[in-house]
Amino acid sequence: MGKVAFVVGDDVSTDVIYPGRYMATVLPTETPQYAFANDPALNNKLNAKLVPPGSVLVGGKNFGCGSSREQAVSCLKGWELTIVASDISRIFLQNSINLGLNIITAPGVEASEGDEVVVEGAKVVNHTNGKSWDVVPLPPARQAIIDAGGLIAFTRKRMLEAQAKG
Amino acid sequence: MGKTVVEKILARAAGLPAVSAGDVVEPRVDVAMSHENAALVINQFLEIYEGTGIEAHPWDVSKIAIIFDHRVPAESPKTASNQKKIREFVDRHKIARFHDIRGDVGGICHQILPEYGYVRPGQVVVGTDSHTTSHGALGAFSFGIGATEMASVWTLGVALNIEVPTTIKIEVNGEFGPHVGPKDLILHVVGTLTAQGANFRVLEFHGETMRKMSTSGRLAVCNMSVEAGATSGIVPADEETIRYLREEAGVTDPIEPVVPDADAVYERVVTIDVSTLEPQIACPHTVDNVKPISEVAGVKVHQIVIGSCTNGRIDDLEAAADIIRGKKVAQGTRMLVFPASGRVFQEALDRGYVSDFMRAGAVVMNAGCGPCLGVHEGALGDNEVAVSTTNRNFKGRMGNPKSEVYLCSPAVAAASAVAGVLSDPRKGN
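In this numbering scheme, every chain counts its residues from 1 along its sequence in written order. The naming scheme follows written order: chains are lettered A onward, ligands numbered 1 onward. Totals for whole chains, interfaces and linings use all residues, but because this is a predicted model, local features are given only for residues with pLDDT of at least 70 and pairs of side-chain atoms are given and counted only at 80 or more.

Student: Would you mind going over the sheet that holds strand 9 (residues 201-206) of chain B in detail, with residue names and values included?
Tutor: All names here are of chain B. At least two bridges found by DSSP between two strands are what make those strands a pair. Helix numbers and strand numbers start at the N terminus; a helix is a DSSP run of H or I with at least 4 residues, a strand a run of E with at least 2. Taking strand neighbours across the sheet as the criterion, the four strands line up as 10-9-8-11 in an open arrangement whose pairing is parallel. Looking at which strands have only one partner, the edges of the open sheet turn out to be strand 10 (232-234) and strand 11 (268-273). In this sheet, adjacent strand axes meet at a mean angle of 20° when their direction is disregarded. Judged from the three bridges that link them, strand 9 and strand 10 form a sheet pairing that is parallel. Counted as the bridge partner of E204 is I234 from strand 10. The axes used here are C-alpha line fits, helices contributing only the stretch in contact, and every angle between their N-to-C directions lies in the interval 0 to 180 degrees.

And the structure:
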């Protein structure tokens, strides 16, 4: 983790993260160009490659609410962003884990653009404003998917085990 | 200790004697539904098998349903090519529950699943669409997942690592006043719980109002449960569920309702009396920004939208037609109507509603998701306002971040079309 590149507010929906009109674009290699496409300031900053991998996007409450579209996750994963938000909508959180987007729930998290934010133990620490917040651990059942390297790898392993058993 | 509906369904689907909220289970999936995003599901599904030397074949094609609705007919070569790729997959694997772009059997996925009897009480239903919560209206545990998770279901036939959710009981009593109904109820619920108030939880609906409500109304209520963050909404199956499945969906095989125990453990209970409920409006730009019509009436409206998986069924069109019949859509306002399915469209033709709408100046569009998600048609201009019976009003939802969307019932939408401003249908025009 590192520098905060974006601070967005509460209730940032998947319609905002990945607008519906780009939904026919499905491949994770092609979706990043449309991240926050309705917000020229954000989108231009990404496409101009002004946001180094590992940069942080700080969200408020209910981040990723709305549609189940996985493009909203793959478009952020493509830029190798880390998401830290007060709370995260269920489907968005599951999709993030499944695709390996680095995502952290830290209720109350506050930051400004340019702040240095890191995870230290079970806390998110903002070294610029000196504050810290507890990290809500992922559901243990989901950790197994992260440990396997994402849901494709996890499912492949399970499928091969089932095949071996006949 | 008593069990909720979702605990009972997940225990059965996981082959366990009992489960409780917080347990992690792998339920067998009874229905696996996708729409155009099946193009991404196919991509992820093939990737699971890549390099294994094993031929990719779904675990049980009889449980897969694919329905084209989000962009019908295709608006771009890219969408058309995605749809073509899906058709080829459907042909190769002989997927019978496939609903292509057709005037007879086509429609919105959340209308087709109940209409064709694909969903039954007690089932586990997953769909690559957040409004898959709809099917809880038939007493199933039904929730939205992403495309990669669906690819996993196609491979293994189970939903992996599902945490049994806690349940909030919503007890609804009282009789709706004139021009107030299920949409107003669910908007009120979302406004009360807030947009993340039910995140990771299930809403289980009870009370005399729910018992008397038609399956169509229950579908609207469960559909928008996700707008409070809920994993699913559930109305425990009852006589109305059986009536709907037998009489409207043509189901002939046994139906086994799953009902909660009297001493089921709920996270909390919310009671609502609908007898004093006014028509409810979700104001821009969040679905939980809900106000009674009396506080927002008079807002100038440029586009009225009636339809969607929330309110595109025949009773919704009836409510709107009854208000607009013999009147005109106001100058400066345009009105778009899109029935939820080919079957609903046919019925609307037979009952004369389509004529009522067209004579009033409305445009009746083909069945599908229409303008709801801003990908296809019915876009809004800068600073324009839409009043819509759909389910989301997020910034940019209808295609333009410089526009505003108010969500309401079909009655409010129709009354507003005539007046050209957001209007209370109880006041007449």
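Read on, since the account is not over.
Student: Account for the sheet that holds strand 1 (residues 4-7) of chain A, with residues named and values stated.
Tutor: Residues and elements named next belong to chain A. Pairing in this open sheet of four strands is parallel, and the strands run 1-2-3-4 from one edge to the other. One side of each edge strand has no neighbouring strand; the edge strands of this open sheet are strand 1 and strand 4 (102-105). Direction aside, the axes of adjacent strands within the sheet are offset by 20° on average. Pairing of strand 2 (residues 56-59) with strand 3 (residues 82-85), which is carried by four bridges, proceeds in the parallel orientation. Residue V58 lies in a different strand from strand 3, and its bridge partner there is V84.

Student: Describe unusual backbone geometry, with residues and values.
Tutor: Residues and elements named next belong to chain B. Cis geometry is adopted by the peptide bond preceding P73, which originates at V72 and carries an omega value of -15°. As for its placement among the helices and strands, P73 is situated in the loop between strand 3 (64-67) and helix 3 (77-93). In the segment running from P284 into H285, the intervening peptide bond is cis, with an omega of -10°. Along the chain, H285 turns up in the loop between strand 12 (280-282) and strand 13 (290-292). For T194, which is not a glycine, the phi torsion comes out positive at approximately 75°. Tracing the chain through its elements places T194 in the loop between helix 6 (182-193) and strand 9. Although it is not a glycine, N383 adopts a positive phi angle of roughly 65°. Of the residues examined, N383 has 10 C-beta atoms within 10 Å and is grouped as exposed. The burial criterion counts other C-beta atoms lying within 10 Å of a residue's C-beta, which is placed from the backbone; the residue is buried at 20 or more, exposed at 12 or fewer, and partly exposed between these limits.

Student: Can you tell me about the nonpolar core, naming the residues and giving the values?
Tutor: Among the nonpolar cores identified, the biggest contains 188 residues, and I83(A), V84(A), V190(B) and Y406(B) are the most heavily contacted of them. The leading source of residues in this core is helix 15 (residues 410-419) of chain B, at eight residues. Once residues within four sequence positions are removed from consideration, Y406(B) is found in contact with I281(B), A282(B), C283(B), P284(B), V299(B), V385(B), V387(B), N393(B) and L422(B). Only buried Ala, Val, Leu, Ile, Met, Phe, Trp, Tyr and Cys residues enter a nonpolar core, and they are joined through C-beta atoms within 7 Å. Throughout, a residue-residue contact means that the two C-beta atoms, derived from backbone geometry, are no farther apart than 7 Å.

Student: Hey, could you go over the interface of chain B and chain A for me, with residue numbers and the actual values?
Tutor: Listed per partner, the contact involves 44 residues of chain B and 41 residues of chain A. When contributions to the side of chain B that touches chain A are tallied by element, the ones reaching two or more residues are helix 2 (38-49), helix 3 and helix 5 (147-156) of chain B. Here the residues of the side of chain B that touches chain A sort into 14 nonpolar, 22 polar and eight charged. Just so you know the grouping, Ala, Val, Leu, Ile, Met, Phe, Trp, Tyr, Cys and Pro go in nonpolar, Asp, Glu, Lys and Arg go in charged, and all remaining residues, Gly too, go in polar.

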